[in-house]
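# A look at the structure
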Amino acid sequence: MLVVTAQPSHKLRALKAGARDFISKPFEMPEVLARVRNMLEVRLLQKELLGQNDRLEQRVQERTAELREGYIETILTMTRAAEYKDEYTGSHVQRISFYSRDLACTLGMDKEFVDLIFIASPMHDIGKIGIPDHILLKSGGFTPDEWVIMKSHAEMGAKILGNSKSPYLKMGVEIALGHHER
Ligand SMILES: [Fe+2]
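Attention in this report is confined to the structure presented alongside it. (Residues numbered from 1 in each chain as written. Predicted model: local features only at pLDDT ≥ 70, side-chain atom pairs only at ≥ 80, totals over all residues.)

### Quick look at the overall build of the protein chain
Heads up, the rule is: Think of it this way: any DSSP run of H or I at least four residues long counts as a helix, any run of E at least two long counts as a strand, and we number them from the N terminus. Only the C-alpha atoms count toward the radius of gyration. The rule for a globule is 2.2 Å times the residue count to the power 0.38.
Within the protein chain, the regular secondary structure consists of 8 helices and 0 strands. Along its sequence from the N terminus, the protein chain presents helices and strands in the succession α-α-α-α-α-α-α-α. For the protein chain, the C-alpha radius of gyration of 32 Å lies well beyond 16 Å, the compact-globule estimate for 182 residues. Overall, the C-alpha framework of the protein chain stretches about 105 × 30 × 25 Å when taken along its three principal axes.

Structure below.
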């Protein structure tokens, strides 16, 4: 902004208000042009820096999304491996995922929790991988001893998923441990 003023006090007021420079009269045109050029250079650099920050921020967001995708893919692969020999669980785990999300929403849990439970809940039976086939695949009822072994899949699942920094696996531990509580 260019103004014309003869008041010396205006100089300080203008600078305090955000003016970047001040030229007093009498001045020479080459000086004005040089100062304007300097101001423009600073402004252009400022804009470039802001643009770079935006690009960096976008890159971080992209990387975070990639990481999340990676987590989800690994969890789904792990879940598929666990249910490989126990066919009926196929769509059961997916239904659990959707039901858990709907219940969490209905209970008014926040978006982060809903997202976590949607991804973590399919791992609830992952401990079944440690149950011997002759018990896991047995048709008809279990003997009391077999029941004890069968029930241990909850704890085994928690052990398999334990000690991870991933928020999904952390919730997975809780779910694996507690999913037969009732
Ligand atoms: Fe289970």
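So much for the structure itself; the text now carries on.
### Some points on the packing of helix α7 (residues 153–161) against helix α8 (residues 167–178)
Just so we agree on the cut-off: Lines fitted to C-alpha atoms define the axes, with helix axes restricted to the stretch in contact, and inter-axis angles between N-to-C directions lie between 0 and 180 degrees. Comment on the angle field: the value is read as roughly parallel under 35 degrees, roughly antiparallel over 145, roughly perpendicular from 65 to 115, and oblique elsewhere. Placing a C-beta atom from the backbone of each residue, one calls two residues in contact when those atoms lie within 7 Å. Under the scheme applied here, ten amino acids are nonpolar (Ala, Val, Leu, Ile, Met, Phe, Trp, Tyr, Cys and Pro), four are charged (Asp, Glu, Lys and Arg), and all others, including Gly, are polar.
Their axes nearest at 7 Å, the elements α7 and α8 cross at an angle of 170°. Of the possible angle classes, the one that applies to α7 and α8 is roughly antiparallel. On α8, the residues that touch A154, E155, G157, A158 and L161 of α7 are L169, G172, V173, A176 and L177. Here the residues of the contact of α7 with α8 sort into 7 nonpolar, 2 polar and 1 charged.

### Considering unusual backbone geometry
Positive phi, normally seen in glycine, also occurs at N163, with a value near 60°. Mapped onto the elements, N163 comes out in the loop between α7 and α8.

### Focus: the nonpolar core
Where we set the bar: Residues enter a nonpolar core if they are buried, belong to Ala, Val, Leu, Ile, Met, Phe, Trp, Tyr or Cys, and are joined to the set through C-beta atoms within 7 Å. Around each residue's C-beta, the other C-beta atoms within 10 Å are counted; 20 or more make the residue buried, 12 or fewer make it exposed, and counts in between make it partly exposed. All C-beta atoms are placed from the backbone.
Among the nonpolar cores identified, the biggest contains 14 residues, and A120, M123, I126, L161 and Y168 are the most heavily contacted of them. Taken together, the elements giving at least two residues each to this core come down to α2 (29–82), α4 (111–120), α7 and α8. When residues no more than four places from it in sequence are discounted, the contact partners of A120 are Y168, M171, G172 and I175.

### Digging into helix α1 (residues 8–16)
Little of α1 sits inside the fold, with 0 of its 9 residues counted as buried. Looking at the residues trailing α1, positive phi occurs at G18, about 120°.

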